[in-house]
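# Observations on chain architecture
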Amino acid sequence: MSTARTWVAARRVTLGVAALAIALALPGLLAGGGSPVVAALELRDALATDSEPWRLLTGHLVHLNGRQLSMNLIAVVWLGCLCEPAMPRRYVTLLVASALTVSAGVLHAHPDLASYRGLSGIASAQFAALVGLRVREGLRSGRKALAFPPLVASLLFLGKAAFEVGTGRVLFAGGLVLAGAGPSPAAHLYGAIAGLAVALLPASRPRSAAATHGSAARLG
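What you are looking at is a predicted structure, and each value in this text was computed from that prediction instead of being measured.

### Here's the deal with the overall build of the protein
A count of helical and extended segments in the protein gives eleven helices and three strands. Sequence-ordered secondary structure for the protein, helices as α and strands as β, is α-α-α-β-α-α-α-α-β-α-α-β-α-α. Across the 220 residues that make up the protein, the buried fraction comes to 41%. Sequence separation of 24 or more characterises 74% of the internal contacts of the protein that already satisfy a separation of 6 or more. When the accessible surface of the protein is split by element, carbon and sulfur atoms take 69% of a total near 12,000 Å².

### Let's talk about helix α7 (residues 91-109)
Since there are 3.6 residues in each turn of an α-helix, residues three or four apart along the chain are aligned in direction. Look at α7: 26 Å from first C-alpha to last across 19 residues, which is about the 27 Å you get at 1.5 Å a residue. Taken together, the buried positions of α7 are Tyr91, Leu94, Leu95, Ser98, Ala99, Val102, Ser103, Gly105 and Val106. Angularly, the buried residues of α7 cover 165° about the axis, an arc narrow enough to put them on a single face.

### A few points about the environment of Ala192
On the secondary structure map, Ala192 appears in helix α10 (residues 185-199). Once the C-alpha coordinates of Ala192 and Ala128 are considered, the two residues, 64 residues apart in sequence, prove to be 5.1 Å apart.

### Observations concerning a nonpolar patch on the surface
Together, Ile22, Leu26, Leu29 and Leu30 make up a nonpolar patch on the protein surface, roughly 390 Å² of accessible area in all. Within the secondary structure, Leu30 sits in helix α2 (residues 12-31). Judged by its relative accessible area of 73%, Leu30 falls in the exposed class.

### As for helix α6 (residues 66-86)
In this model, α6 (21 residues) spans 30 Å end to end at C-alpha, consistent with the 30 Å of a helix rising 1.5 Å per residue. Helix geometry: α6 is bent most strongly at Gly80, by close to 35°. Of the residues making up α6, those classed as buried are Gln68, Leu69, Asn72, Leu73, Val76, Leu79, Gly80, Cys81, Cys83 and Glu84. Between the side-chain oxygen at the start of α6 and the backbone nitrogen of Arg67 there is a gap of 3.2 Å, and the oxygen is on Asn65.

### What to know about the pattern of salt bridges
Two side chains with opposite charge may pair up if their charged atoms get near one another. What the rule picks out here adds up to three salt bridges. The salt bridge involving Arg117 is made with Glu42; its shortest N-O contact spans 2.6 Å. Of this pair, Arg117 sits in the loop between β2 (115-116) and α8 (120-141) while Glu42 sits in the loop between α3 (36-41) and β1 (43-44), and the two are 75 residues apart along the sequence. For the pair formed by Arg117 and Glu42, the shared burial category is buried. Of the charged contacts in the structure, one is a salt bridge between Arg55 and Glu52, with a shortest N-O distance of 2.5 Å.

### Thoughts on the confidence of the model for the protein
With 70% of its residues at a pLDDT of 70 or more, the protein has an overall mean of 79. Contacts from residues 174-182, a stretch scored under 50 in pLDDT, to residues over four places away or in other chains number 23 contacts. Across residues 208-220 the pLDDT falls below 50, and counting only partners more than four positions away or on other chains, this stretch makes two contacts in the model.

### Thoughts on the packing of α7 against α10
Relative to each other, α7 and α10 sit at 145°, their axes nearing to 8 Å. When the axes of α7 and α10 are compared, the crossing they make is right-handed. Residues Thr93, Leu94, Ala97, Ser98, Thr101, Val102, Gly105, Val106, His108 and Ala109 of α7 lie in contact with α10, whose contacting residues are Ala186, Ala187, Tyr190, Gly191, Ala194, Gly195 and Val198.

### Observations concerning the nonpolar core
One finds Leu73, Cys83, Met87, Leu94, Leu119 and Ala129 to be the most contacted residues of the largest nonpolar core, which totals 27 residues. Every element with two or more residues in this core is listed here: α2, α3, α6, α7, α8 and α10. Among the elements that make up this core, the one with the highest residue count is α8 (six residues). Look past the residues within four positions of Leu94 in its chain and what remains in contact with it is Cys83, Met87, Ala125, Gln126, Ala129, Gly195 and Val198. In terms of nonpolar packing, the next biggest core, distinct from the first, is built from six residues, Leu43, Val102, Leu113 and Tyr116 among them.

Rules of the game
- Residues numbered from 1 in each chain as written.
- Predicted model: local features only at pLDDT ≥ 70, side-chain atom pairs only at ≥ 80, totals over all residues.
- Heavy atoms only, no water.
- Helix = DSSP H or I, 4+ residues; strand = E, 2+ residues; numbered from the N terminus.
- Buried < 20%, exposed > 50% of the residue type's maximum accessible area, 1.4 Å probe, protein only.
- Contact = heavy atoms within 4.5 Å.
- Areas by Shrake-Rupley, 256 points an atom, 1.4 Å probe, with all protein chains shown as cover.
- Expected span 1.5 Å × (residues − 1).
- Arc of directions from axis to C-beta.
- Patch = residues over 30% accessible without salt bridge, like charges linked within 9 Å, V, L, I, M, F, W, Y side chains within 5 Å.
- Salt bridge = Lys/Arg side-chain N within 4 Å of Asp/Glu carboxyl O.
- Bend = angle between axes of the 7 residues up to and from the residue.
- Polar contact = N/O pair within 3.5 Å; in protein donor to acceptor, adjacent residues only side chain to side chain.
- pLDDT = per-residue confidence, 0-100.
- Axes fitted to C-alpha atoms, helices over the stretch in contact; angles between N-to-C directions.
- Left-handed = near helix turned anticlockwise from the far one by under 90°.
- Core = buried A, V, L, I, M, F, W, Y, C linked by side-chain atoms within 4.5 Å.

Printed below as a string of structure tokens:
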């Protein structure tokens, strides 16, 4: 397998999510307006979500406009290309867990929000997962200096999240607002919590060859 194919294979889930988000956005972008597909997939109020539970997952794949889509894709692809190879066995769990956690958090924090769209909460989960992995790696290896940069990054992120939740404004989102459909400040915080939780789950260790041989001998 070539180097390029190996690189893509190690990041196929991230690239697949990005491709799906683009495909879902194209009809609306080409038409210059909303899309019935997007309307059917966006996260809506709890009453609608109770009867249409897929929205808890699909709401993250659709976007308000091309600007929100491009900003989210840059973050998700960049962070995902770092995160997926670092935790290949838990990466899908990270995406699903963060999607559900963010959706639940948005519905709780913004019960009057007409709809929610976007991957920014997932990007926050990816970032937090990377921070958690780096800190744990530094502490386990005994090189505590390696844990310092991600700890600083996490403090900056928490400051950003606290500002957003406290003011109701989303940094780097420009004119995107919460009215109708848009990003939620709480989504970034809930996403980070989910990402950190999945990253810090105890890793399963493969059984050694000796242990496997011993088990086989006892069974025989």
